[in-house]
Amino acid sequence: ILSIRIKKALNPTMIEKGVLEKIAAASSRTHIDARKAVELLSKSAHIAEKAGAHITMDLVDRAMEEIERDKYVAMIKNSPKQLQATLFSIISLSSKSKRPLHTGDAYGAYRSFCTKINMRALTQRAFSDIVSELDMYGFIQARVLSHGRYGRTKEIIVNLPETLVLKLKQVVLMEFDLNPV
């Protein structure tokens, strides 16, 4: 399928040797879907065209990163406002501190953000459920820490590239009609 697309839409001499195999291998490893392979080829060609270069292995890697970033951005744009506010609070607080966050700190930042945007804040229990949801979607990593009789808390870590974090912040601020930072 990729070979046919290349013959119909692209100049085969503009594609570095091994790129086709890399795209096929990457898409079969992650999606096992020809549409994803075609999407990756298309994105790679678009980036190469912008740069005025051949489609190289490095451009394919960059295209994979952009597709992944776009997926996160689209997901957060279509999420409920409470989830957006929770994510914004967590990523804003984590960029100020290099240590892992705890649920109480993140909830305090969330409540402050809700006050700023004039939105009713959820209870801490509901907030904790949204944190678990963000963990499930891969935006953050949250693990429960037990402090014995002193209770439990979640340790929250944001392991997203800085460029994606900045883009997510911009998207959420735009969704709340605030000026992006």
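Attention here is on the structure that accompanies the text. (Residues numbered from 1 in each chain as written. Predicted model: local features only at pLDDT ≥ 70, side-chain atom pairs only at ≥ 80, totals over all residues. Heavy atoms only, no water.)

Topic: the overall build of the protein
Inference 1: When helices and strands are tallied, the protein shows eight helices and three strands.
Inference 2: Listing each helix as α and each strand as β along the protein from the N terminus yields α-α-α-α-α-β-α-α-β-β-α.
Inference 3: At 20 Å, the protein has a C-alpha radius of gyration far larger than the 16 Å of a compact globule built from 181 residues.
Inference 4: Considering only C-alpha atoms, the protein reaches an extent of 65 × 40 × 25 Å along its principal axes. (Helix = DSSP H or I, 4+ residues; strand = E, 2+ residues; numbered from the N terminus. Rg over C-alpha atoms; globule rule 2.2 N^0.38 Å.)

What to know about the packing of helix 5 (residues 81-96) against helix 6 (residues 103-117)
Inference 1: Two numbers describe how helix 5 lies on helix 6: the axes approach to 8 Å, and their chain directions differ by 120 degrees. Classified by the interaxial angle, the pair formed by helix 5 and helix 6 is oblique. Seen from above, helix 5 lies across helix 6 with right-handed handedness. In contact with Q82, A85, T86, F88, S89, I90 and L93 of helix 5, helix 6 contributes D105, A106, A109, Y110 and F113.
Inference 2: When its residues are assigned to classes, the contact of helix 5 with helix 6 shows eight nonpolar, three polar and one charged. (Axes fitted to C-alpha atoms, helices over the stretch in contact; angles between N-to-C directions. Parallel < 35°, antiparallel > 145°, perpendicular 65-115°, else oblique. Left-handed = near helix turned anticlockwise from the far one by under 90°. Contact = heavy atoms within 4.5 Å. Nonpolar A, V, L, I, M, F, W, Y, C, P; charged D, E, K, R; others polar.)

Some thoughts on the sheet that holds strand 1 (residues 101-102)
Inference 1: Spatially, the three strands line up as an open sheet ordered 1-3-2, and their pairing is antiparallel. Each edge of the open sheet carries a strand with a single partner, namely strand 1 and strand 2 (141-146).
Inference 2: As paired elements, strand 2 and strand 3 (residues 152-157) share six bridges and run antiparallel to each other. Its bridge partner lying in strand 3, R143 is registered against E155.
Inference 3: With respect to the sheet, helix 7 (residues 124-137) is in contact with strand 2 and strand 3, its orientation differing from that of strand 3 by roughly 40 degrees. (Pairing = 2+ DSSP bridges.)

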